[in-house]
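# Secondary and tertiary structure notes
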Amino acid sequence: MARILIVDDSPSQLLGIKRIVEKLGHEALTAEDGAAGVEAAKKELPDLILMDVVMPNLNGFQATRTISKEETTKHIPIILVTTKDQDTDKVWGLRQGAKAYVVKPIKEDELVAALKEHLPG
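Thresholds applied
- Residues numbered from 1 in each chain as written.
- Predicted model: local features only at pLDDT ≥ 70, side-chain atom pairs only at ≥ 80, totals over all residues.
- Heavy atoms only, no water.
- Helix = DSSP H or I, 4+ residues; strand = E, 2+ residues; numbered from the N terminus.
- Rg over C-alpha atoms; globule rule 2.2 N^0.38 Å.
- Buried < 20%, exposed > 50% of the residue type's maximum accessible area, 1.4 Å probe, protein only.
- Contact = heavy atoms within 4.5 Å.
- Areas by Shrake-Rupley, 256 points an atom, 1.4 Å probe, with all protein chains shown as cover.
- Lys, Arg positive; Asp, Glu negative; His and termini not counted.
- Charge placed at Lys NZ, Arg CZ, Asp CG, Glu CD.
- Pairing = 2+ DSSP bridges.
- Axes fitted to C-alpha atoms, helices over the stretch in contact; angles between N-to-C directions.
- UniProt positions renumbered as here; feature names shortened; annotations may be inferred.

## Examining the overall build of the chain
A tally of helices and strands in the chain yields five helices and five strands. Of the regular secondary structure in the chain, the N- to C-terminal order runs β-α-β-α-β-α-β-α-β-α. Whereas a compact globule of 121 residues would reach a radius of gyration of roughly 14 Å, the chain reaches 13 Å, a difference of no more than 12%. For the chain, the C-alpha atoms occupy an extent of roughly 30 × 30 × 25 Å along the three principal directions. Per-residue burial over the chain gives 46% buried out of 121 residues. Sequence separation of at least 24 residues holds for 62% of the intrachain contacts in the chain that already meet a minimum separation of 6. With the model as given, the accessible surface of the chain reaches about 6,300 Å², and the carbon-plus-sulfur share is 51%. Side-chain charges of the chain comprise 16 positive and 19 negative groups, with the mean position of each set lying 3 Å from the other.

Written out as structure tokens, the structure reads:
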């Protein structure tokens, strides 16, 4: 069982993603914005992070860049889960350190495939 951090400022999105993660038998940790996500990543050291992009305080691109550059957290794979569906957004997100990019509304099979591909072990 993996520990997966879900970072999203939308309570309904957070709940929906959490449900998918837990259905797969993983433990879901949550954070409500990018800044809280960075702190949770440092404190909890999850196996993987699912990161929204459009959030207050610190957006998902900034949080991803911070986590992927930080010595203690750079090994954690990050999957961006966002409504931003332009190719430029995807390229930018991957350049910030994300390993994958899933567009909302989430297709459960697509999220499950990304999790299986990027979870360690």
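## Brief notes about the sheet that holds strand S5 (residues 100–103)
Strand order across the open sheet formed by five strands is S2-S1-S3-S4-S5, with parallel pairing between neighbours. Each end of this open sheet is capped by a strand with a single partner; those strands are strand S2 (27–31) and S5. Ignoring which end each strand starts from, the neighbouring axes of this sheet average 20 degrees apart. Looking at chain direction, strand S1 (residues 3–7) and strand S3 (residues 48–51) are connected through four bridges and run parallel. Opposite Val7, over in S3, you have Met51 as the bridge partner. Helix H1 (residues 11–23) contacts S1, S2, S3 and strand S4 (78–82) of the sheet and is inclined by roughly 160 degrees relative to S2.

## Here's the deal with the UniProt feature "modified residue: 4-aspartylphosphate" (unreviewed entry) in the chain
Mapped onto the present numbering, the UniProt feature "modified residue: 4-aspartylphosphate" (unreviewed entry) falls at Asp52. Position of Asp52 among the secondary structure elements: in the loop between S3 and helix H3 (60–69). By relative accessible area, which is 4% here, Asp52 ends up buried. Not counting the four nearest positions on each side in its chain, Asp52 is found in contact with Val7, Asp8, Asp9, Gly60, Val81, Thr82 and Lys104.

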